[in-house]
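Below are the chains, spelled out letter by letter.
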Amino acid sequence: MDSDLLLPRFKGVSDNPFGLLFVEASDGNLQNYIDQHYASIDMSLRFKWRIQAAEAIQYIHQKGVIHSDLRPDNFLLHTVAGSELDLLLCDFGGSTNGEIDGRHLPDAGFFNPCHPPESTKSTDIFSLGSIYYTIMTGHWPYRSPGPFKSLEEMEKYQELVDDLFASKRYPPVDGLAAGPVIQRCWTGEYSDLGALIEDQRWQFENDTISTHS
């Protein structure tokens, strides 16, 4: 696994404004790209992003880091000459690593309200299911495509999806390529991202064969 394909490349420290400096992603974040180009995104590219997202999370977990704020906005899309868009994980402001605690949890729709309010590997894996769902459908679980139009709309969504997820009611994934992987992320069947990645490859290949048979 090449970490250069998982995280934005670090360039140094900026003095004005003060902070860490990374290479700018060529195509913005995943959420905006899906909002603008969903209908034209090839299935093979969606699958590539799903693998890259899982590998990025697996990589930081191996380093003892829990991201704890996974959503499509926190993945960037970047391309270099002659290659397809690559997915890069960003925004570690709310992450935890040992005694360092960013004190952040994922947004509604990407967090399991049945779990205690703490950052664990399971927190990130549950979020990954909702990110996969967004990649495949063009919208968050139990939402229509597009940004929130008001604070009230956002609050209503948060209440709705938290209630549904608390009751273990998830959107149907029948008919989605590698849909069972999404379901298993939500139902907590994965404790290991290696197994998730293997399942995803198998499910996608099986769905592709079924589609063309």
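See the structure printed just above.
What comes next is a walk through the structure. This is a predicted model, so every value here is computed, not measured.

In this section: the overall build of the protein chain. Along the protein chain, the regular secondary structure elements total 6 helices and 7 strands. Long-range contacts, defined here as pairs at least 24 residues apart, represent 64% of the contacts in the protein chain between residues at least 6 apart. Accessible area of the protein chain: about 11,400 Å², with a carbon and sulfur share of 51%.

Bringing the pattern of salt bridges into the picture now. For the structure on display, the rule yields 7 salt bridges. Between Asp86 and Lys48 there is a salt bridge; the shortest N-O distance is 3.0 Å. Residue Asp86 is located in strand β5 (residues 86-89), and its partner Lys48 is located in helix α2 (residues 43-62); the two are separated by 38 residues in the primary sequence. For Lys48, a relative accessible area of 22% puts it in the partly exposed group. Across the salt bridge formed by Asp107 and Arg71, the nearest N and O atoms sit 3.4 Å from each other. Here Asp107, found in the loop between β7 (100-101) and α3 (121-137), pairs with Arg71, found in the loop between β3 (65-66) and β4 (75-78); they are 36 residues apart in sequence, far enough to count as distant. By relative accessible area, Asp107 is classed as partly exposed at 28%. The exposure class of Arg71 is buried, given its relative accessible area of 18%. Counted as one network, the salt bridges with shared partners bring together Asp69, Arg71, Asp73 and Asp107.

With 17 residues, α3 should cover 24 Å at 1.5 Å per step; its first-to-last C-alpha distance of 25 Å lies within 8% of that length. For α3, a buried count of 15 out of 17 residues is recorded, marking the element as mostly surrounded by other parts of the structure. One or two positions beyond α3, positive phi appears at Gly138, with a value near 90°.

The next subject is the packing of helix α1 (residues 30-37) against α3. Between α1 and α3, whose axes approach to 10 Å, the crossing angle comes to 25°. If you check the angle between α1 and α3, you find them roughly parallel. Helix-helix and strand crossings are classified by hand; for α1 and α3 the assignment is left-handed. When α1 is examined against α3, the residues Leu30, Gln31 and Ile34 are found in contact with a partner set consisting of Ile131, Thr134 and Ile135. For the contact of α1 with α3, the per-class residue count stands at 4 nonpolar, 2 polar and no charged.

Between its first and last C-alpha, helix α4 (residues 151-166) extends 22 Å over 16 residues, near the 22 Å set by a 1.5 Å rise per residue. Taken residue by residue, α4 has Tyr157, Val161, Leu164 and Phe165 as its buried positions. What you see down the axis of α4 is that its buried residues fit within an arc of 90°, all on one side. Facing away from the buried side of α4 by over 90 degrees, the exposed positions are Leu151, Lys156 and Glu159. Buried residues belonging to α4 abut α3. Looking one or two residues past α4, Lys168 carries a phi angle of roughly 60°, positive in sign.

What follows concerns the packing of aromatic side chains. Summed over the entire model, instances satisfying the criterion amount to 12 aromatic pairs. Taking the centre distance of 5.9 Å and the plane angle of 80° together, the rings of Trp140 and Phe148 count as edge-to-face. Residue classification places Trp140 among the buried positions, given a relative accessible area of 10%. A relative accessible area of 24% means that Phe148 is categorised as partly exposed. Linked through ring pairs, Phe126, Tyr133, Tyr142, Phe165, Tyr170 and Trp186 together constitute an aromatic cluster. The ring of Tyr132 is capped by Arg50, whose NZ or CZ atom sits 4.4 Å from the centre of that ring.

What follows is about the nonpolar core. Residues Leu30, Trp49, Phe75, Leu128, Tyr132, Ile182 and Leu196 are the most contacted members of the largest nonpolar core, which totals 48 residues. Looking at this core, the elements that each hand over two or more residues are α1, α2, β4, β5, α3, α4, α5 (179-186) and α6 (193-212). For this core, the leading source of residues is α2, giving 9 residues. Setting aside its immediate chain neighbours within four residues, Trp49 contacts Leu30, Tyr33, Ile41, Leu77, Leu85, Leu87 and Ile135.

Here is what the cut-offs are and how they apply
- Residues numbered from 1 in each chain as written.
- Predicted model: local features only at pLDDT ≥ 70, side-chain atom pairs only at ≥ 80, totals over all residues.
- Heavy atoms only, no water.
- Helix = DSSP H or I, 4+ residues; strand = E, 2+ residues; numbered from the N terminus.
- Contact = heavy atoms within 4.5 Å.
- Areas by Shrake-Rupley, 256 points an atom, 1.4 Å probe, with all protein chains shown as cover.
- Salt bridge = Lys/Arg side-chain N within 4 Å of Asp/Glu carboxyl O.
- Buried < 20%, exposed > 50% of the residue type's maximum accessible area, 1.4 Å probe, protein only.
- Expected span 1.5 Å × (residues − 1).
- Axes fitted to C-alpha atoms, helices over the stretch in contact; angles between N-to-C directions.
- Parallel < 35°, antiparallel > 145°, perpendicular 65-115°, else oblique.
- Left-handed = near helix turned anticlockwise from the far one by under 90°.
- Nonpolar A, V, L, I, M, F, W, Y, C, P; charged D, E, K, R; others polar.
- Arc of directions from axis to C-beta.
- Phe/Tyr/Trp six-rings, centres within 6.5 Å; stacked < 30°, edge-to-face > 60°.
- Lys NZ or Arg CZ within 6 Å of the ring centre and 35° of its normal.
- Core = buried A, V, L, I, M, F, W, Y, C linked by side-chain atoms within 4.5 Å.

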